[in-house]
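# Structural overview for review
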Amino acid sequence: MASEHPFRGIFTSLPKPGGGEFGKFYSLTALNDPRIDKLPFSIRILLESAIRNCDNFQVSKDDVEKILDWENTAPKQVEIPFKPARVLLQDFTGVPAVVDLASMRDAMKELGSDPDKINPLVPVDLVIDHSVQADVVRSENALQANMDIEFQRNRERFAFLRWGATAFRNMLVVPPGSGIVHQVNLEYLGRVVFNSDGVLYPDSLVGTDSHTTMIDGLGVAGWGVGGIEAEAAMLGQPMSMVLPGVVGFRMSGKLREGVTATDLVLTVTQMLRDHGVVGKFVEFYGSGMASLSLADRATIANMSPEYGATMGFFPVDHMTLQYLKLTGRSEETITMIEEYLRANKMFVDYNEPQEERVYSSYLGLDLADVEPCVSGPKRPNDRVALNDMKADWHACLDNKHGFKGFAVPKQEQDKVATFTFHGLPAELKHGSVVIAAITSCTNTSNPSVMLGAGLVAKKACELGLEVKPWIKTSLAPGSGAVTKYLHKSGLQTYLNQQGFHLVGYGCTTCIGNSGDLDESVASAITDNDIVAAAVLSGNRNFEGRVHPQTRANYLASPPLVVAYALAGTVDIDFEKEPIGIGKDGKGVYLKDIWPSNEEIAEVVQSSVLPEMFKSTYEAITQGNPIWNQLSVPSSNLYAWDPNSTYIHQPPYFKGMSVDPPGPHGVKDAYCLLNFGDSITTDHISPAGSIHKDSPAAKYLMERGVQRKDFNSYGSRRGNDQVMARGTFANIRIINKLLNGEVSPKTIHIPTGEKLYVYDAAMRYKSAGHDTIVIAGAEYGSGSSRDWAAKGPMLLGVKAVIAKSFERIHRSNLVGMGIIPLCFKPGEDAEALGLTGHERYTIDLPQRISDIRPGQDLTVTTDSGKSFTCTLRFDTEVELAYFDHGGILPYVIRNLSK
């Protein structure tokens, strides 16, 4: 209650301009503390949350002081609690989250406690967007056909989520076919300011998808966490985090003619990767804000995971308010948002003199310096200027295997694979484009690049250019509003003519749901060992993610996706070479079909209207007939079906003791896998297709599932039996135990046998042996995928020793009770002479009170070598989780008391 609150003295009313009040709020201004004016806006949101939630138990007055004194405390890596206002899920992560919640209810019952204590205490928004695949393309009926297939494949998962929406309080489920989670969040779910029972406070969230950061473009603090952390946050557990440093990124000027927001974000991504922003917030400011639309800001914020930051934050200003109006938020709501943020020192008015804020470090970019570019062929931060693309491609063919190399012998580089495509003569070369997808939340929420793509298609049609029929083209926007403005502008017609028909609303190609290539194309690639290319307007292009048969994957703006589809190859210099031959027999160049900034601005102005967003979202939660007809059991405890291959009760909580098990060391462990740098969560726990020869495929076939019904790993995340078998099953994984061979297999050290990783792990487990994983830098980069930690835990992995970890993945490992260790600077397995054939022992004190965050530990081996590592439990709270065997057992034991 407010009257008992430690900060009740600053709890005050926010008056309405015409009389009355909007509600009450905790006033930062009323603290009368001069340090607040110097704080970055992103830190002010953490401060308000700490003040509002201060109970001197979960959040203390000392925590508030740490945040107030951010300038001095942040460099010391101090720990603070944070309680987000809400939690955001998508279905690939939402299904396992609801599985865990249902399992936790069962565990509570076993412990003799009330299962109903397992209920979200904050709003949970779950958007079903990851299930649709681009199976049917180049058809006026593609949307309905793909939705029918989606429901046929995923009926059981969808029914389970409908059960979750009724069984748990505070859970909103947005049905399939509505849009991409982050675009729906931006256009509809984002509150900016909450008014909860008369108390006003900033919207903030954590989400189980790394691109949750897209909402930062709206001035809402949000970032990705693992599903494990999100589940704890739902249940009222404060998130323990290190108070982050904040990089101030000043923007000036404006983008040149022909340069897109995608070009800008790829440039920013490279700059921030080079600067080093892992674990930090990035806050954008400066005169350049005036020319950056909200959609442009959201594009930059979206790719925070790709540049490594926790957030890429844009404080609320007049541009934000204009966007809220455009997307159909009410005038009263917008007025309340502005009045609250102004009153609480959280609004930027560039018409007024700016207070000089303090940042941990500074970067700057003149927007006029940005040039057209793409990123690839294997990482989003490997930016290539468009003018350099042809030379860079040939260098990639020459280079040895790596992030920028395919090691194609010189004599093989001009190879031509001829084949017949549905009766038509066709050919593929290295660099031929076989997938061209306008996809992903990063770009499909941005009208300027979406309409820009339509204009490129229109000009190409008028000049007589046409995309080759064997290129798999698709358009998967993030909301129905995009379809409305593409139709209003008349440009969807031209996109259709070039094969970019609407295939669905959701994450398709970017998450690996690109569907199969035509058999003739797939055979031509495989039989001739062609390095085929995908070009997509996505945010991730890691090996094996987009499609198993596209070894080269480039991120590009939607207009460039259309241009590369027309060219049919990435082996082209757009400035010097024609894209194709027009109907007049002359060469057509990129400049001939590229729209001017003025053309794009005119069509945006005339075609993107508020009523489009209102009508799209008015009916969004009503679903569709198939969704509404799904039968849902009424019980609050889930009735597990032992024969289900989609939903299975996981073993984490079975036979759980009342008391925590205590810390565990590692004794004589074998190395399950020995990796180099940049092993991503896609390598560890792929989301895409299930390979026909894999352990997961064998499991499904044994249970009568036909290959056509395998679906994807992402859609099977509610079944631990499938996901354990899918762990380390990426066909592009490189394991040093196999001497650099690209394979989802490993060596079983005791016998020397080459086995699938799952089979080797089960052999170690059955013999009672611990295992560890050795890795290089940036282990676990990519998606915030909790199965990349759950899977290794189920395989028996007790520790991961790496040069460095991606932020979310390290947290997920901790959440599952796996010990994360870092080699000392300048050291790694190679430098220490470790082959991975040794046995490893990691001694830990038996009492948790004797372990310190970040302490040094000695790792010994049976070969006589020993080395020192840093223990990457970063906070006291993480040590408590480890003591309990993970974060969720910790929460269950606390709630059961």
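Remember, predicted model here, so these are calculated numbers, not experimental data. (Residues numbered from 1 in each chain as written. Predicted model: local features only at pLDDT ≥ 70, side-chain atom pairs only at ≥ 80, totals over all residues. Heavy atoms only, no water.)

It is worth spelling out the overall build of the protein at this point. Counting its regular elements, the protein contains 31 helices and 34 strands. Its C-alpha atoms give the protein a radius of gyration of 27 Å, within 12% of the compact-globule value 29 Å for 897 residues. Expressed along its principal axes, the backbone C-alpha trace of the protein runs to roughly 80 × 80 × 55 Å. Buried residues in the protein amount to 63% of all 897 residues. Within the protein, contacts between residues separated by at least 24 positions form 76% of all contacts whose residues are at least 6 apart in sequence. Summed over all atoms, the accessible surface of the protein reaches about 31400 Å², with 48% contributed by carbon and sulfur. (Helix = DSSP H or I, 4+ residues; strand = E, 2+ residues; numbered from the N terminus. Rg over C-alpha atoms; globule rule 2.2 N^0.38 Å. Buried < 20%, exposed > 50% of the residue type's maximum accessible area, 1.4 Å probe, protein only. Contact = heavy atoms within 4.5 Å. Areas by Shrake-Rupley, 256 points an atom, 1.4 Å probe, with all protein chains shown as cover.)

This part is about the sheet that holds strand β14 (residues 311-313). What the four strands build is an open sheet, ordered β14-β13-β12-β15; its pairing is parallel. Pairing within the sheet leaves two strands with one partner each, and these edge strands are β14 and β15 (361-366). The sheet shows a mean angle of 20° between the axes of neighbouring strands, direction not considered. Looking at chain direction, strand β13 (residues 281-285) and β14 are connected through three bridges and run parallel. (Pairing = 2+ DSSP bridges. Axes fitted to C-alpha atoms, helices over the stretch in contact; angles between N-to-C directions.)

The description of an aromatic ring pair rests on the distance of the ring centres and on the angle between the ring planes. Taken as a whole, this structure holds 30 aromatic pairs when the rule is applied. Between Trp223 and Phe281 the ring centres are 5.6 Å apart and the planes differ by 45°, which places this aromatic pair in the tilted class. Placement of Trp223 in strand β10 (residues 221-224) and of Phe281 in strand β13 is noted, with a sequence separation of 58 residues between them. The same class applies to Trp223 as to Phe281, namely buried. The interplanar angle of 20° and the centroid separation of 5.3 Å between the aromatic rings of Tyr285 and Tyr359 together place this pair among those described as stacked. Here Tyr359 lies in the loop between α12 (331-343) and β15 and Tyr285 lies in strand β13, a separation of 74 residues in the sequence. Judged on exposure class, the residue Tyr285 and its partner Tyr359 are both buried. Aromatic ring contacts, followed pair by pair, group Phe160, Trp163, Phe168, Tyr638 and Trp640 into a single cluster. (Phe/Tyr/Trp six-rings, centres within 6.5 Å; stacked < 30°, edge-to-face > 60°.)

Turning our attention to unusual backbone geometry. In this chain, Gly376 is followed by Pro377 through a cis amide linkage whose omega measures 10°. Position of Pro377 relative to the elements: it lies in the loop between β16 (373-375) and β17 (383-385). Backbone geometry places Asn170, a non-glycine residue, at a positive phi of 65°. Relative to the helices and strands, Asn170 resides in the loop between α5 (142-167) and β6 (171-174). On the basis of relative accessibility, which here comes to 41%, the residue Asn170 falls in the partly exposed class. At Asn739, a residue that is not glycine, the phi angle is positive and equals roughly 55°.

Looking now at empty space enclosed by the protein. Counted by the stated rule, this structure contains eight cavities of 30 Å³ or more. Counted as a void, the largest cavity has a volume near 180 Å³. What lines the largest cavity is a set of 21 residues, among which His130, Asp209, His211, Ile511 and Arg545 lie closest to the centre. Here the lining of the largest cavity is built from residues that sort into five nonpolar, eleven polar and five charged. One number sums up the size of the second largest cavity: a volume of about 130 Å³. Lining the second largest cavity we find 15 residues, and of these Glu229, Ser240, Ser811, Tyr881 and Ile887 sit closest to its centre. If you list the elements that add at least two residues to the lining of the second largest cavity, you get α7 (227-234), β11 (239-242), α29 (807-815) and α30 (876-884). Class assignment of the residues belonging to the lining of the second largest cavity gives a composition of eight nonpolar, five polar and two charged. (1 Å grid on protein atoms, 1.4 Å probe; cavity = no way out; pocket = protein on both sides within 12 Å on 5 of 7 lines; lining within 4 Å. Points joined across faces, edges and corners; volume = space filled by probe spheres on them. Nonpolar A, V, L, I, M, F, W, Y, C, P; charged D, E, K, R; others polar.)

General note: in soluble globular proteins, nonpolar side chains tend to be found buried as a group. Grouped together as the largest cluster of nonpolar side chains are 275 residues, with contacts concentrated most on Phe284 and Tyr779. Broken down by element, this core gets its largest block of residues, ten residues, from helix α4 (residues 91-110). Leaving out residues up to four positions away in the same chain, Phe284 has contacts with Phe249, Met251, Val268, Leu272, Met289, Ile300, Tyr307, Gly312, Phe313, Phe314 and Pro315. One finds Cys671, Val859, Leu871 and Phe882 within the second-largest nonpolar core, a separate group that totals 25 residues. (Core = buried A, V, L, I, M, F, W, Y, C linked by side-chain atoms within 4.5 Å.)

This brings us to the sheet that holds β10. The strand order β6-β5-β4-β9-β10 describes an open sheet built from five strands, whose pairing is parallel. Looking along the sheet, the strands with just one partner apiece sit at the ends: β6 and β10. Across the sheet, the axes of successive neighbouring strands diverge by a mean angle of 20°, strand direction being ignored. Where strand β4 (residues 86-90) and strand β5 (residues 124-127) come together, four bridges link them in parallel fashion. The residue bridging Gln90 from the neighbouring strand is Val127, located in β5. Each of β4, β5, β6 and β9 (204-207) is contacted by helix α6 (residues 181-189), which is oriented at about 140° to β4, the strand it contacts most.

Another point: the state of the cysteines. Applying the stated rule across the entire model yields zero disulfides. Here Cys822 is not cross-linked by a disulfide; its sulfur's nearest cysteine counterpart is in Cys869, at 7.9 Å. With relative accessibility at 0%, the residue Cys869 sits in the buried group. (Disulfide = S-S within 2.5 Å.)

Along the chain, Glu741 falls in the loop between α26 (720-726) and β27 (745-748). Along the primary structure Glu741 and Ser210 are separated by 531 residues, whereas in three dimensions their C-alpha atoms are 30 Å apart. For Glu741, the side chain forms a polar contact with the side chain of Lys754, separated by 2.7 Å. (Polar contact = N/O pair within 3.5 Å; in protein donor to acceptor, adjacent residues only side chain to side chain.)

Next up on the list: α7. At 3.6 residues per turn, the α-helix brings residues three or four places apart onto the same side. Within α7, eight of the eight residues are buried, leaving the element largely enclosed by the surrounding structure. Of the positions making up α7, those classed as buried are Gly227, Ile228, Glu229, Ala230, Glu231, Ala232, Ala233 and Met234. The positive-phi residue at the C-terminal boundary of α7 is Gly236, with phi of around 90°.

The next thing to look at is helix α9 (residues 294-302). Counting buried residues in α9 gives nine out of nine residues, a clear majority hidden from the surface. Buried within α9 are the following residues: Leu294, Ala295, Asp296, Arg297, Ala298, Thr299, Ile300, Ala301 and Asn302.

Scanning the model with the defined rule gives 51 salt bridges in all. The residue Asp317 makes a salt bridge to Arg297 at a minimum N-O spacing of 3.0 Å. Here Arg297 lies in helix α9 and Asp317 lies in the loop between β14 and α11 (318-326), a separation of 20 residues in the sequence. For Arg297, a relative accessible area of 1% translates into the label buried. A salt bridge links Arg342 to Glu352; the nearest nitrogen and oxygen atoms lie 3.9 Å apart. Here Glu352 lies in the loop between α12 and β15 and Arg342 lies in helix α12, a separation of ten residues in the sequence. Given a relative accessible area of 33%, Arg342 falls into the partly exposed group. (Salt bridge = Lys/Arg side-chain N within 4 Å of Asp/Glu carboxyl O.)

Purely geometric stuff here, so don't read any function into it on its own.
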